[in-house]
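Overview (structure and organization)
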Amino acid sequence: MTTLLLDGADPADHHAAAPKLAAALVFLASGAVLVLETVALRLVGPYVGVTLQVTSAVIGVALGAIAYGAWLGGFLADRQDPRRLLAPALVLAAIATAVTLPVVRWAGEGLRGSADTGIILLTALAIFLPAALLSGVSPLVVKLQLGDLRRTGQVVGKLSSIGTLGGITATLVTGFVLVAALPTTVIILGVAVLLAATGISLGVYLHRRDPVPAPPRARALLAAVGLAGAGLSTVAPNPCDIETAYHCASVVEDPANPFGRLLMLNSARHSYVDLGNPEHLEFAYTQWLGAVADAIAPEGQPLDTLHLGGGGFTMPRYLNATRPGGTNEVYEIDGGLVDLARRELELRAGPDLTPVVGDARLLVTARPEASADFVVGDAFGHLVVPWHLATREMAEQIRRTLRPTGVYAQNVIDYPPLRFIRAELATVADVFPHVALTGPPEALAGEQGANFVIVASGAPLPLDAIRAHLTTTAQEPVTLLTGGDLEAFVRDARVLTDDFAPVDQLLAGP
């Protein structure tokens, strides 16, 4: 029986180099697929958001690419000499990886904000072709290593486990190290360069052992496509000024206000900061939050406030300026946003304004009881409240941290048919006996999407004072929904729990 070895040698000359090289190729190809899968979420996020649907699309498309790539690699391995296919497969995967950047960034502008079909299409453009090409490497290598039918299971099992270890290693390194240290562009181009270098080196190595000249036209075509891909990557539009571990962020100057700064996260308007006047609240929902603060404590009276989510730190600045002597502790999971706020939004931390980098759920759970007068919920993953911050168990932790007359105000975004805001209201009302809702009249009627602010407390709310402050401070029409009107709005919405909180699906619309 003739043994097909990766180095092209006869079985009698086989040494340890070939199995090690085979293992390295499988490890590299499988790892590269998982790097691309992990980074794909960041690549498409600025255009279609970072939701459960987008995450599911990335995973599903990647698995489909792996399946089709493995099938095609096996099909070709039985019809061609795998030694002639391995190097071109790696080089083509490198080119496809590099071309991903301009393709997604140009297509993303046209698919921005798309629903399910657009999400899947953009995700496929981001990952399918390079992942399929890389997934074809393993069956090609397996075919070269099958020299003894009595060891087929051992060879296949070993290479399969090595490929899995490559994927696990790449996932952990990308999630814990690369994404935190490098921009998406650098990671993707780095993978492309590594694959190209490996493919070219492997081609030279195999050619020396078994010279089979590649057609000049094929070499020229690969070089031309590779150069075109690299060139397009340099001129493709980049929606990010800054990439943090969680967001594609940019700070835009307000042409109407030389001190105004707009913080954009994943292409969504997130925060407005007036560098010259911290008491200025631009967005309607921040005006409502300010009205609630004014109602529960007159201006100048200190408040101990806990903020879930920092973003541009608009509300912490406002309360710090209007209630000197109070405290503002801000839980922000994205340390990159805190650094950005310090650099470009003039955030000044101190005893009265303390950013804490970490997950709000974990930090609230560790906070002492009855330690806050006011809790502001303003944390978002793209347009939706992170699910673990929207459950009854989280509301219970928030009530535990509030003093007896303390108030919880939560910013929520929703669109018709308003399933998420109703469910979140039902959830908060399951924990707090006194609840109200502020929102635009048209949005409460189900005619448009908008921000809403839920107001809740263990003690009776100062509803008349809230209405009065909304009337004097809100620049747009706003309704305060209470009592029977609020119950009619909530209807039979289901309470969200740690066991059941489909927030992305509730927000997605009909």
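This report concerns the structure included in the present document.

**Here's the deal with the overall build of the chain**
- Across its full length, the chain carries 18 helices and 12 strands.
- When burial is assessed residue by residue, the chain has 49% of its 510 residues classed as buried.
- Of the contacts made within the chain by residues no fewer than 6 positions apart, 75% connect residues no fewer than 24 positions apart.
- For the chain, the computed accessible surface area is about 22,500 Å², with 61% contributed by carbon and sulfur atoms.

**Quick word on unusual backbone geometry**
- In the segment running from Pro 416 into Pro 417, the intervening peptide bond is cis, with an omega of 10 degrees.
- Residue Ala 370 is not a glycine yet carries a positive backbone phi of 45 degrees.
- With respect to the helices, strands and loops of the structure, Ala 370 is situated in the loop between helix 12 (360–366) and strand 8 (372–377).
- Looking at Ala 370, the relative accessible area reads 38%, which means it is partly exposed.

**A short note on the side chain of Arg 317**
- With respect to the helices and strands, Arg 317 occurs in helix 10 (residues 314–322).
- The residues contacting Arg 317, other than those within four sequence positions of it, are Val 273, Pro 278, Gly 312, Ala 341, Leu 345, Glu 346, Leu 347 and Leu 353.

**As for the sheet that holds strand 2 (residues 248–254)**
- Pairing is antiparallel in the open sheet, where four strands are placed in the order 1-2-3-4. In this open sheet, the two edge strands, each paired with only one partner strand, are strand 1 (242–243) and strand 4 (268–274).
- The pairing of strand 1 with strand 2 spans two bridges and is classified as antiparallel. Paired with Ile 242 across the two strands is Ala 249, which belongs to strand 2.

**Notes on the sheet that holds strand 9 (residues 402–414)**
- Read across the open sheet, the eight strands follow the order 7-6-5-8-9-11-10-12; overall the sheet is mixed. In this open sheet, the two edge strands, each paired with only one partner strand, are strand 7 (353–357) and strand 12 (479–481). Each neighbouring strand pair of the sheet contributes to a mean axis angle of 20 degrees, computed without reference to strand direction.
- Where strand 9 meets strand 11 (residues 450–457), eight bridges bridge the pair, whose relative direction is antiparallel. In the strand pairing of strand 11, Ile 413 is matched with Asn 451.
- Where helix 11 (residues 335–344) meets the sheet, it contacts strand 6 (327–332) and strand 7, and its direction lies at approximately 145 degrees from that of strand 7.
- Contacts from helix 17 (residues 483–490) reach strand 10 (434–439) and strand 12 within the one sheet, and its direction differs from that of strand 10 by about 75 degrees.

**A look at the pattern of salt bridges**
- Summed over all chains, the structure comprises 10 salt bridges.
- Residue Lys 143 is joined to Asp 78 by a salt bridge in which the shortest nitrogen-to-oxygen separation is 3.2 Å. Of this pair, Lys 143 sits in helix 5 (residues 137–145) while Asp 78 sits in the loop between helix 2 (52–77) and helix 3 (82–111), and the two are 65 residues apart along the sequence.
- Classification of Asp 78 as exposed rests on a relative accessible area of 56%.

**Looking at the pairing of strand 10**
- Counting buried positions along strand 10 yields five of six residues, so the element is predominantly enclosed.
- Here three bridges tie strand 10 to strand 12, and the two strands are oriented antiparallel to one another. Among the inter-strand pairings, Thr 438 is bridged to a residue of strand 12, identified as Leu 480.

**Description of a nonpolar patch on the surface**
- On the surface, a nonpolar cluster with roughly 670 Å² of combined accessible area is contributed by Phe 27, Leu 165, Ile 168, Leu 172, Val 173, Phe 176 and Val 177.
- For the nonpolar patch, the element with the highest residue contribution is helix 6 (residues 152–181), accounting for six residues.

**Here we look at the environment of Leu 303**
- When you line up the elements, Leu 303 lands in the loop between helix 9 (284–296) and strand 5 (304–308).
- For the pair Leu 303 and Gly 406, spaced 103 residues apart in sequence, the C-alpha separation works out to 9.9 Å.
- Those residues in contact with Leu 303, other than ones at most four positions away along the chain, are Ala 293, Ile 296, Ala 297, Arg 323, Gly 326, Thr 327, Asp 373 and Phe 374.

**With respect to the packing of helix 4 (residues 116–135) against helix 5**
- Between helix 4 and helix 5, whose axes approach to 4 Å, the crossing angle comes to 10 degrees. Viewed along their axes, helix 4 and helix 5 adopt a mutual orientation that is roughly parallel. Each of Leu 133, Leu 134 and Ser 135 in helix 4 lies in contact with helix 5, whose residues at this interface are Val 137, Ser 138 and Pro 139.
- Partitioning the contact of helix 4 with helix 5 into residue classes produces four nonpolar, two polar and no charged.

**A word on the pairing of strand 5**
- Burial of strand 5 is extensive: four of the five residues sit out of reach of the surface.
- Pairing of strand 5 with strand 6 involves five bridges; the strand directions are parallel. Note that in strand 6 the partner of Thr 305 across the bridge is Asn 328.
- Pairing analysis gives four bridges linking strand 5 to strand 8, with the strands arranged parallel. Bridge assignment links Leu 306 to a residue of strand 8, and that residue is Val 375.

**Overview of the side chain of Asp 334**
- Relative to the assigned elements, Asp 334 resides in the loop between strand 6 and helix 11.
- Of the side chains bearing the opposite charge, Arg 42 lies closest to the buried Asp 334, which forms no salt bridge; the N-O distance is 7.1 Å.
- Among the polar contacts made by the side chain of Asp 334, one reaches the side chain of His 247 at a distance of 2.9 Å.
- Reaching out from Asp 334, the side chain makes a polar contact with the backbone nitrogen of Gly 336 at a distance of 3.0 Å.
- Setting aside anything within four residues of it in sequence, one finds Asp 334 in contact with Thr 244, Ala 245, Tyr 246 and His 247.

**Section: helix 5**
- Among the nine residues that make up helix 5, seven are buried, leaving the element largely enclosed by the rest of the structure.
- Of all the positions in helix 5, only Val 137, Pro 139, Leu 140, Val 141, Val 142, Leu 144 and Gln 145 are classed as buried.

**Brief notes about the packing of aromatic side chains**
- The final tally for this structure, using the stated rule, is five aromatic pairs.
- Each ring, one from Tyr 68 and one from Phe 128, has its centre 6.4 Å from the other, and the planes form 55 degrees; the classification is tilted. Of the two residues, Tyr 68 is situated in helix 2 and Phe 128 in helix 4; the sequence distance between them amounts to 60 residues.
- Put simply, the rings of Tyr 272, Phe 283 and Tyr 285 pair up and form one aromatic cluster.
- We note Arg 422 situated over the ring of Phe 489; from NZ or CZ to the ring centre the distance is 4.6 Å.
- Positioned above the aromatic ring of Phe 500, the side-chain terminus of Arg 494 is 3.9 Å from the ring centre.

**Thoughts on helix 4**
- In helix 4, a bend of some 40 degrees at Ala 124 exceeds every other bend along the element.
- Buried within helix 4 we find Gly 118, Ile 119, Leu 122, Thr 123, Ala 126, Ile 127, Pro 130, Ala 131, Ala 132, Leu 134 and Ser 135.

About the thresholds
- Residues numbered from 1 in each chain as written.
- Predicted model: local features only at pLDDT ≥ 70, side-chain atom pairs only at ≥ 80, totals over all residues.
- Heavy atoms only, no water.
- Helix = DSSP H or I, 4+ residues; strand = E, 2+ residues; numbered from the N terminus.
- Buried < 20%, exposed > 50% of the residue type's maximum accessible area, 1.4 Å probe, protein only.
- Contact = heavy atoms within 4.5 Å.
- Areas by Shrake-Rupley, 256 points an atom, 1.4 Å probe, with all protein chains shown as cover.
- Pairing = 2+ DSSP bridges.
- Axes fitted to C-alpha atoms, helices over the stretch in contact; angles between N-to-C directions.
- Salt bridge = Lys/Arg side-chain N within 4 Å of Asp/Glu carboxyl O.
- Patch = residues over 30% accessible without salt bridge, like charges linked within 9 Å, V, L, I, M, F, W, Y side chains within 5 Å.
- Parallel < 35°, antiparallel > 145°, perpendicular 65-115°, else oblique.
- Nonpolar A, V, L, I, M, F, W, Y, C, P; charged D, E, K, R; others polar.
- Lys, Arg positive; Asp, Glu negative; His and termini not counted.
- Polar contact = N/O pair within 3.5 Å; in protein donor to acceptor, adjacent residues only side chain to side chain.
- Phe/Tyr/Trp six-rings, centres within 6.5 Å; stacked < 30°, edge-to-face > 60°.
- Lys NZ or Arg CZ within 6 Å of the ring centre and 35° of its normal.
- Bend = angle between axes of the 7 residues up to and from the residue.

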